[in-house]
Amino acid sequence: MFLCRVREVLLFMGSQGASSSIGRVVARRVMVSGHVQGVGFRRFVQMKAMGMGLRGFVRNVGLQSVEALLVGEPRAVEEMCQVIAHGHPWARVDRFECWDVPAEQAGPWEGFRVLPTVEEVD
């Protein structure tokens, strides 16, 4: 079981007063470790996230971890966190962490990408 608090971010869409609408968007950074590299975990996360309409990225970190940034509708982000926490049949998630991300760090991501591996994250 895991707990994550959601930070709500209001994004204003549209350019005209009456036709503008407000969409609720949250951003979370997720880190998992265990047997999550070399088993198709990043592609699994990418396909699920795209299917849920999320934006962001997933990438390997070091030798045993995977990091993801999830940006989208609160229910979809929460569901995706659960998907990641449980992994997929060929993976084993030993540790799962997630935390809110300030709106400015959520960035202008379009789509959901698999990024190159990094040694460490800030």
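In the block above lies the structure referred to throughout.
Residues numbered from 1 in each chain as written. Predicted model: local features only at pLDDT ≥ 70, side-chain atom pairs only at ≥ 80, totals over all residues. Heavy atoms only, no water.

### Here we look at the overall build of the chain
Right, so step 1: Helix and strand content of the chain: three helices and six strands.
Right, so step 2: Secondary structure elements in the chain, listed N-terminal to C-terminal, are β-β-α-β-β-α-β-α-β.
Right, so step 3: Here the chain, with 122 residues, has 44% of them falling under the buried criterion.
Right, so step 4: Sequence-distant contacts in the chain: of pairs separated by 6 or more residues, those separated by 24 or more amount to 73%.
Right, so step 5: For the chain, the exposed area adds up to about 7500 Å²; of that, 52% sits on carbon and sulfur atoms. (Helix = DSSP H or I, 4+ residues; strand = E, 2+ residues; numbered from the N terminus. Buried < 20%, exposed > 50% of the residue type's maximum accessible area, 1.4 Å probe, protein only. Contact = heavy atoms within 4.5 Å. Areas by Shrake-Rupley, 256 points an atom, 1.4 Å probe, with all protein chains shown as cover.)

### What about helix H2 (residues 74-86)?
Right, so step 1: Helix length check: H2 (13 residues) gives 19 Å between terminal C-alpha atoms against 18 Å at 1.5 Å per residue, within 8%.
Right, so step 2: Those residues of H2 lying buried are Pro74, Ala76, Val77, Met80, Cys81, Val83, Ile84 and Ala85.
Right, so step 3: Between the side-chain oxygen of the N-cap and the backbone nitrogen of Arg75 there are 3.1 Å, and the N-cap of H2 in question is Glu73. (Expected span 1.5 Å × (residues − 1). Polar contact = N/O pair within 3.5 Å; in protein donor to acceptor, adjacent residues only side chain to side chain.)

### Remarks on the nonpolar core
One recurring pattern in soluble globular proteins: nonpolar side chains tend to sit buried together.
Right, so step 1: Val30, Val32, Phe41, Leu70, Met80, Ile84 and Phe96 are the most contacted members of the largest nonpolar core, which totals 24 residues.
Right, so step 2: Sorting the residues of this core by element identifies strand E2 (21-35), helix H1 (41-51), strand E4 (65-72), H2 and strand E5 (92-100) as the ones contributing at least two each.
Right, so step 3: Residue contributions to this core peak at seven residues, all from H2.
Right, so step 4: Discounting chain neighbours no more than four positions away, the residues touching Ile84 are Val30, Val32, Phe41, Val45, Ala68, Leu70, Val93 and Phe96.
Right, so step 5: Judged by nonpolar contacts, the second largest core, of nine residues, contains Val25, Ala27, Phe57 and Leu69. (Core = buried A, V, L, I, M, F, W, Y, C linked by side-chain atoms within 4.5 Å.)

### Some points on H1
Right, so step 1: The set of residues buried in H1 consists of Phe41, Val45, Gln46 and Ala49. Looking straight down H1, one finds its buried side chains confined to an arc of 135 degrees; they lie on one side.
Right, so step 2: The first or second residue beyond H1 is Gly53, which carries a positive phi of 75 degrees. (Arc of directions from axis to C-beta.)

These values are about where atoms sit, not about what they do.
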